[in-house]
Amino acid sequence: MTDVVTATDTALDQLCINTVRALAMDAVQQADSGHPGTAMALAPLAYVLWQRHLRYNPANPDWPDRDRFVLSCGHACILLYSVLYLTGYDLSLPEIKQFRQWGSRTPGHSEYGLTPGVEATTGPLGQGVGNAVGMAIAEALLAAQFNRPGSAVIDHHTYFLASDGDLMEGVSHEACSLAGHLQLGKLIGFYDDNHITIDGPTELAFSDDTARRFEAYGWHVQRVSDGNDLAAIDAAIRAAKRVTDKPSLIIVRTHIAFGSPNRQDTAKAHGEPLGVEEVKLTKRNLGWPTLEPFWVPRESLTHWRRACERGARLEAEWRERYAAYRSAHGDLATELERRLAGRLPEGWDAGLPTFTPADGAMATRAASGKVLNAIAPRLPELIGGSADLTGSTGSEVKGGGAFAAGARARRNFHFGVREHAMGAVLNGLGYHKGFVPYGGTFLIFSDYMRPPMRLAALAHLRPIYLFTHDSIGLGEDGPTHQPIEQLAALRAIPNMTVIRPADAAEVTEAWRAAVLHQQGPVALVLTRQKVPIIDRTKYAPANGLRLGAYVLGETPGGETPQVLLIGTGSEVELVLGAYERLVALGIAARAVSMPSMELFAAQPQSYRDAVLPPGARARVAVEAASPQPWYRWVGEGGVVLGLERFGASAPYQRIYQELGLTVERVVDAATALARG
Ligand SMILES: Cc1ncc(C[n+]2csc(CCOP(=O)(O)OP(=O)(O)O)c2C)c(N)n1
């Protein structure tokens with residue numbers, strides 16, 4: 001670890017820094033809510049970074065080769081908003097005054113897609129660190145795929161800023177361990193070491209030696225002992241950039257609410273306004289020329305806004321290099337532009353396999369592996385891996401190689417046993433652009449990555465999750481591994497699409513739907529056990545999946561159904577078994593496959609009524625999971641055959657028997673309903 005030298009700075013520097021502090025105090029005061037102290041402490045760091053190091057163009061926040069900056073401690077977002085306004089992004093002073101108000105672009109925690117220049121949705125602590133690791137991976141992989149000797153068109157750094165809370169949260173431990181292992185040399189993190197959290201001093205709960213911890217992960221670590229020392233911060237960033245074979249952490253000792261006579265270094269500065277009087281005292285103490293709220297000195301704004309000219313120049317230089325690249329490597333450039341724009345290539349789905357009963361019973365996870373490998377050659381942006389369950393989840397692109405420290409242009413990721421980081425890294429790949437990322441684990445462990453999944457949904461990212469071993473059907477591993485409530489929990493996330501295909505043919509359609517789905521995450525929920533491939537000469541084709549639910553087996557004479565049988569995944573086999581028996585008994589049954597409630601709910605009422613006629617109130621739903629989400633579809637008069645207990649360790653056929661998920665029970669429930 002190296003210590004860095006200190007030096008003095010100019011009055012203009014101080015004015016610019018205090019502008020951020022004043023805006024932070026005023027915006028939080030005006031909103032009467034928010035976090036002023038952290039922004040005040042970090043203003044010098046932000047100033048050095050955004051004035052001297054970060055490569056960005058406020059006029060074009062999407063310039064592909066810009067450096068990325070992630071404020072992992074999203075509660076301090078007034079820092080980011082102030083800097084975005086001051087440097088000249090399309091974010092005005094009136095919008096700063098609207099901090100935390102309805103409809104504003106300055107919400108209480110930074111949200112991707114809402115505020116220009118915000119690279120990630122952050123607030124749940126630790127996530128941003130994981131996102132930054134994902135972005136650094138994205139940069140390294142894209143660079144390896146697209147740069148050519150003398151033409152480094154992808155060549156940028158990823159910075160993150162983390163608080164004590166960020167570094168306490170497990171996800172940052174996982175992600176930083178992975179980043180060290182992968183030697184992500186262009187990842188530079190700052191740790192805001194201010195010794196304060198909400199409850200009080202960090203020593204209440206935190207005595208890690210963070211420097212040594214990161215060194216043990218394989219990071220390059222530096223300390224800046226004074227967060228107001230611009231030269232020291234500057235020198236540390238320079239040193240970090242020179243280290244290209246390790247990620248860097250710069251630990252900066254700061255003082256929360258710096259300059260506030262009564263709040264500095266106290267937990268009270270964390271999550272509430274300083275108070276009108278204290279704001280005045282602080283402004284005086286900082287030598288601020290006026291007490292007028294939201295006053296921005298002209299010299300300060302002018303100086304900050306030099307970022308526009310600098311950014312335009314940086315982007316222009318890059319565009320010049322890019323033009324040369326384009327003329328030398330036209331096809332590559334076209335492909336890079338396609339990837340960054342998120343456009344699918346022509347014919348990406350040409351190789352999608354079809355399956356028939358002649359292929360034999362097949363676990364849907366196995367079918368998924370085949371489909372993935374059929375798509376992969378035509379869809380190079382499809383990259384991913386698993387949390388140490390590559391074979392079990394069928395998540396490997398065969399022959400794609402493993403992304404590693406010395407091997408970047410590869411397609412498979414070994415996230416290690418780090419589901420939480422995997423989720424956050426997939427989001428980072430999504431934020432960066434250029435990829436359709438996917439990640440696999442057992443459905444039960446979706447619980448370990450729920451926070452980043454929720455953020456993917458909120459930020460409209462589009463990772464694909466491969467969740468296998470999706471029910472008691474996994475058998476002998478027993479109740480610790482058998483999901484019960486996970487399907488309901490996933491379906492409860494707004495903007496999450498859950499697809500649980502019934503057989504291999506539906507798996508093909510599920511993948512098609514997942515790749516086409518642009519505006520949110522998709523969870524493919526897959527069996528461990530074999531399931532029969534449905535005879536589509538007898539039953540409806542699997543492309544009904546795109547509508548979420550479809551009539552698989554119609555009533556024999558096409559009459560209005562006396563009873564509707566609805567199932568997903570492996571339980572469609574039970575539905576079809578019962579359907580055939582009921583029809584033989586002369587009961588007009590209809591069998592419906594409902595692989596995705598969300599896709600179905602998005603269809604027009606007319607289609608939904610055609611599949612589930614409002615008059616057909618005798619309905620039986622079957623799914624080996626918590627019944628909760630089904631009541632919407634079966635209504636008051638319906639029956640759900642689900643599970644409201646944990647599973648058991650045994651061969652799966654026995655568990656299905658014991659827990660009452662059998663054709664007989666479906667038939668019994670249906671006949672009881674049909675006979676009123
Ligand atoms: C996962 C998660 N847990 C809890 C919170 C609530 N929270 C917001 S900030 C914070 C801790 C504040 O301490 P620190 O991270 O050091 O931030 P600072 O006080 O320096 O701003 C907590 C617990 C959160 N945002 N995310």
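Going by the structure above, here's the rest.
Counting of residues starts from 1 at the beginning of each chain's written sequence and follows it residue by residue. Owing to the predicted nature of the model, reporting of local features is limited to residues with pLDDT of at least 70; listing and counting of side-chain atom pairs is limited to 80 or more, with chain, interface and lining totals taken over all residues. Only heavy atoms go into the side-chain values, all of them from the structure, while hydrogens and water stay out.

Engineer: Would you take a moment to explain helix α19 (residues 572-584) for this structure?
Structural biologist: An α-helical turn contains 3.6 residues, so any two residues separated by three or four positions project in the same direction. Under the DSSP-based scheme used, a helix requires at least four consecutive residues in state H or I and a strand at least two consecutive residues in state E, with every element numbered from the N terminus. To estimate the expected span of a helix, count its residues, drop one, and scale the result by 1.5 Å. The end-to-end C-alpha distance of α19, which contains 13 residues, comes to 18 Å, matching closely the 18 Å that a straight helix rising 1.5 Å per residue would cover. All buried positions along α19 are accounted for by Val572, Leu574, Val575, Leu576, Ala578, Tyr579 and Leu582. Two residues form a contact once any of their heavy atoms are found within 4.5 Å. Contact partners of the buried residues in α19: β15 (550-553), β16 (563-567), β17 (589-593), β18 (619-622) and α24 (663-674). Burial here depends on accessible area, computed with a 1.4 Å probe over protein chains only, as a share of the maximum for the residue type. Under 20% is buried, over 50% is exposed, and the range in between is partly exposed.

Engineer: What should I look at first to understand the nonpolar core in this one?
Structural biologist: Across soluble globular proteins, nonpolar side chains have a tendency to be buried as a group. Nonpolar cores are built from buried Ala, Val, Leu, Ile, Met, Phe, Trp, Tyr and Cys residues. Side-chain atoms within 4.5 Å join them into one set. In terms of nonpolar packing, the biggest core is built from 72 residues, with Ile137, Phe160, Leu187, Trp219 and Tyr465 touching the most fellow members. Among the elements that make up this core, the one with the highest residue count is helix α5 (residues 127-146) (12 residues). When near neighbours in sequence (up to four residues on either side) are disregarded, Phe160 contacts Val70, Val129, Ala132, Leu187, Ile188, Gly189, Phe190, Trp219 and Leu249. Residues Leu230, Ile233, Ala236 and Ala240 belong to the second largest nonpolar core, which totals 64 residues.

Engineer: I would appreciate a short explanation of the site of the ligand in the present structure.
Structural biologist: Nearness here has a simple test: a residue counts as near a molecule or strand if at least one of its heavy atoms is within 4 Å of that partner. Surrounding the ligand, one finds 16 residues, the nearest of these being Thr38, His75, Ser163, Gly165 and Asn194. Pairs of N or O atoms within 3.5 Å make up the polar contacts considered here, provided that, within protein, one atom can donate a hydrogen while the other can accept it, and that residues adjacent in sequence are counted only when both atoms are side-chain atoms. Contacts to the ligand include Ser163, whose side-chain N or O atom sits 2.7 Å from an oxygen atom. Residue Ile196 places a main-chain N or O atom 2.9 Å away from an oxygen atom belonging to the ligand. Only the protein chains shown count as covering a residue, and every accessible area follows the Shrake-Rupley method with a 1.4 Å probe. For the ligand, the protein covers 75% of the area, taking 580 Å² as the surface of the free molecule. Taken together, the residues of the shell around the ligand sort by class into five nonpolar, eight polar and three charged. Only Asp, Glu, Lys and Arg are considered charged in this grouping, and only Ala, Val, Leu, Ile, Met, Phe, Trp, Tyr, Cys and Pro are considered nonpolar; every other residue, Gly among them, is considered polar.

Engineer: Where do I start with the side chain of Thr662 in this structure?
Structural biologist: Summarising the element assignment, Thr662 is placed in the loop between α23 (652-658) and α24. If we ignore the near neighbours within four places in the chain, the residues touching Thr662 are Leu574, Tyr656 and Gln657.

Engineer: It is not clear to me how unusual backbone geometry should be interpreted in this structure. Could you clarify?
Structural biologist: Most peptide bonds are trans, and most residues other than glycine sit at a negative phi. Of note in this structure, His195 is not a glycine but carries a positive phi near 65°. The topology assignment puts His195 in the loop between β4 (187-193) and α8 (210-217). Even without glycine at this site, Ala257 takes up a positive phi of about 60°.

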